[in-house]
Amino acid sequence: SPTSLKTEADLTFGSVALPKGSYVLTAVKDEKGSWTVIATNPDTKAKVAEMPLVSTTLKDSVEQFTIELTGKGSAGEFAMMWGTSKMATGFTAK
């Protein structure tokens, strides 16, 4: 089933704004190998935002695909990990 996100706060991923609400998240990889998370409205299926991710290599392998949303105060990180790959973006909340 698709990954969903419900936020009670307006989020900003770099210069990309994601208003508070409920979303379906889909990750896509472009022809250059870069990853982007697309947030869509679950009711209308309309694309609301595209958040580019930064890829890094992990020292230890992650056996199960994992999505983490971590934060402290009004800042945080959205990350997807699998194998030795990590794709992430920082965010702030209002």
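None of these values were measured; they are calculated from a predicted model.

1. Some details on the environment of Lys-86
- Along the chain, the position of Lys-86 falls in strand β8 (residues 75-93).
- In this structure, the C-alpha to C-alpha distance between Lys-86 and Val-54, residues 32 residues apart in sequence, is 8.0 Å.
- Apart from residues lying up to four places away in sequence, Lys-86 is in contact with Val-54, Ser-55, Thr-56, Leu-58, Glu-77, Ala-79, Met-80 and Met-81.
- Side-chain polar atoms of Lys-86 contact the side chain of Glu-77, separated by 3.3 Å.

2. Let's talk about the pairing of strand β5 (residues 35-40)
- Burial runs high along β5: 5 of the 6 residues are buried.
- Here 6 bridges tie strand β4 (residues 21-29) to β5, and the two strands are oriented antiparallel to one another. Its bridge partner being in β5, Val-28 is matched across the sheet by Thr-36.
- If you look at the hairpin formed by β4 and β5, you'll find 5 residues sitting between the two strands, and Gly-33 has a positive phi there, around 95°.

3. A look at the sheet that holds β4
- What the 4 strands build is an open sheet, ordered β1-β4-β5-β6; its pairing is antiparallel. At either margin of the open sheet sits one strand with a lone partner, and together these are β1 (3-7) and β6 (47-52). The sheet shows a mean angle of 30° between the axes of neighbouring strands, direction not considered.
- Pairing of β1 with β4, which is carried by 5 bridges, proceeds in the antiparallel orientation. Looking across to β4, one finds that Lys-6 is bridged to Ser-22.

4. What about the nonpolar core?
- Core analysis: the biggest nonpolar cluster contains 16 residues, and Phe-13, Leu-18, Leu-25, Val-37, Met-51 and Phe-78 have the highest contact counts within it.
- Among the secondary structure elements, those contributing two or more residues to this core are β2 (11-13), β3 (16-18), β4, β5, β6 and β8.
- The biggest single contributor to this core is β8, with 4 residues.

5. Let's talk about the pairing of β6
- Here 5 bridges tie β5 to β6, and the two strands are oriented antiparallel to one another. Bridge pairing in β6 links Val-37 to Met-51.
- Hairpin connection between β5 and β6: a loop of 6 residues separates the two successive antiparallel strands, and Lys-45 in this loop has a positive phi of roughly 65°.

6. Remarks on the sheet that holds strand β7 (residues 54-72)
- Sheet architecture is open: 4 strands sit in the order β3-β2-β8-β7, paired in antiparallel fashion. One side of each edge strand has no neighbouring strand; the edge strands of this open sheet are β3 and β7. For this sheet, the mean angle separating the axes of adjacent strands, direction not counted, is 30°.

The rules we used
- Residues numbered from 1 in each chain as written.
- Predicted model: local features only at pLDDT ≥ 70, side-chain atom pairs only at ≥ 80, totals over all residues.
- Heavy atoms only, no water.
- Helix = DSSP H or I, 4+ residues; strand = E, 2+ residues; numbered from the N terminus.
- Contact = heavy atoms within 4.5 Å.
- Polar contact = N/O pair within 3.5 Å; in protein donor to acceptor, adjacent residues only side chain to side chain.
- Buried < 20%, exposed > 50% of the residue type's maximum accessible area, 1.4 Å probe, protein only.
- Pairing = 2+ DSSP bridges.
- Axes fitted to C-alpha atoms, helices over the stretch in contact; angles between N-to-C directions.
- Core = buried A, V, L, I, M, F, W, Y, C linked by side-chain atoms within 4.5 Å.

Such coordinate-based values are descriptive only and should not be taken to indicate function.
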